Amino acid sequence: MSSLMVIGGDQLGNIPDKLKALGFDDVLHISGRKTQMVKRDIPEGVDLILVLTDFINHNIAKKIKAKASKQNIPICYSKRSWCTIYQTLNTNQDACRTCPFLKEGNCHLN
């Protein structure tokens, strides 16, 4: 099972459906606007984190980056448009280098 955590964006619209079509079985979403969200941990089993940069508290972005690094979870940054998200997932070298899909030979983006 592959899990993607999306941070940012109050409403995602059809983005979760499109992510599931790419092969992410579980898409978790945290809006990232409220300062209390800094205290939230990354759930177990998250394979990749996608931060929507145009709808997030800067402190949360910093904390998530640190937590993801500590847990060796790749992290991508994108604007909220689907075209930008798809391009980011397809070209992010840090995410690709540590992505569990590539290790298993099951990359959904190539």
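All figures in this text were calculated on a predicted structure; none of them were measured in a lab.

K.L.:
What exactly am I supposed to notice about the pattern of salt bridges here?
P.N.:
Enumeration over the complete set of coordinates arrives at 1 salt bridge. In this structure, K67 and D41 form a salt bridge, with 3.6 Å as the shortest nitrogen-oxygen distance. Within this pair, whereas K67 is found in helix α2 (residues 58-70), its partner D41 is found in the loop between β2 (26-30) and β3 (48-52), the two being separated by 26 residues in sequence.

K.L.:
Explanation requested: the nonpolar core in the structure shown.
P.N.:
Here is a general trend for soluble globular proteins: nonpolar side chains tend to be buried in one another's company. Among the nonpolar cores identified, the biggest contains 15 residues, and L4, V6, L19, F24, L50, I85 and L89 are the most heavily contacted of them. When contributions to this core are tallied by element, the ones reaching two or more residues are β1 (3-7), α1 (15-22), β3 and α3 (82-91). With sequence-adjacent residues up to four places away left out, L19 is seen in contact with L4, V6, F24, V27, W82, I85 and L89. I30, I49, A61 and A68 belong to the second-largest nonpolar core, a separate cluster that totals 14 residues.

K.L.:
Looking at this model, I keep getting lost on the pairing of strand β4 (residues 75-78). Mind explaining?
P.N.:
Regular strands show a simple pattern: their side chains alternate between the two faces of the sheet. Relative to β4, β3 runs parallel, the two sharing 4 bridges. Its bridge partner lying in β4, L52 is registered against S78. With α2 bridging β3 and the parallel β4, this β-α-β connection has right-handed handedness.

K.L.:
What is the right way to read α3 from this model?
P.N.:
Helical geometry note: an α-helix holds 3.6 residues per turn, so side chains three or four residues apart project in the same direction. If you check which residues of α3 are buried, you get W82, I85, T88 and L89. The arc that holds the buried residues of α3, viewed along the axis, is 130 degrees, so those residues lie on one side. Residues of α3 that are exposed and point more than 90 degrees away from the buried face comprise C83 and Q87.

K.L.:
Is there a simple way to explain α2 in this structure?
P.N.:
With 13 residues, α2 extends 19 Å between its outermost C-alpha atoms, agreeing within 8% with the 18 Å of an ideal straight helix rising 1.5 Å per residue. Buried positions along α2 lie against β1, β3 and β4. Following α2 by one or two positions, N72 has its phi on the positive side, about 55 degrees.

K.L.:
Which parts of the structure should I look at to understand the sheet that holds β4?
P.N.:
Either a parallel or an antiparallel arrangement is found when strands of a sheet pair, and the pairing is made through backbone hydrogen bonds. The strand order β2-β1-β3-β4 describes an open sheet built from 4 strands, whose pairing is parallel. If you trace the sheet from one side to the other, it starts and ends with β2 and β4, each paired once. For this sheet, the mean angle separating the axes of adjacent strands, direction not counted, is 20 degrees. Docked against the sheet, α2 engages β1, β3 and β4, running at close to 155 degrees with respect to β4.

What counts as what
Residues numbered from 1 in each chain as written. Predicted model: local features only at pLDDT ≥ 70, side-chain atom pairs only at ≥ 80, totals over all residues. Heavy atoms only, no water. Salt bridge = Lys/Arg side-chain N within 4 Å of Asp/Glu carboxyl O. Helix = DSSP H or I, 4+ residues; strand = E, 2+ residues; numbered from the N terminus. Core = buried A, V, L, I, M, F, W, Y, C linked by side-chain atoms within 4.5 Å. Buried < 20%, exposed > 50% of the residue type's maximum accessible area, 1.4 Å probe, protein only. Contact = heavy atoms within 4.5 Å. Pairing = 2+ DSSP bridges. Right-handed = clockwise from strand over helix to strand, strands pointing away. Arc of directions from axis to C-beta. Expected span 1.5 Å × (residues − 1). Axes fitted to C-alpha atoms, helices over the stretch in contact; angles between N-to-C directions.

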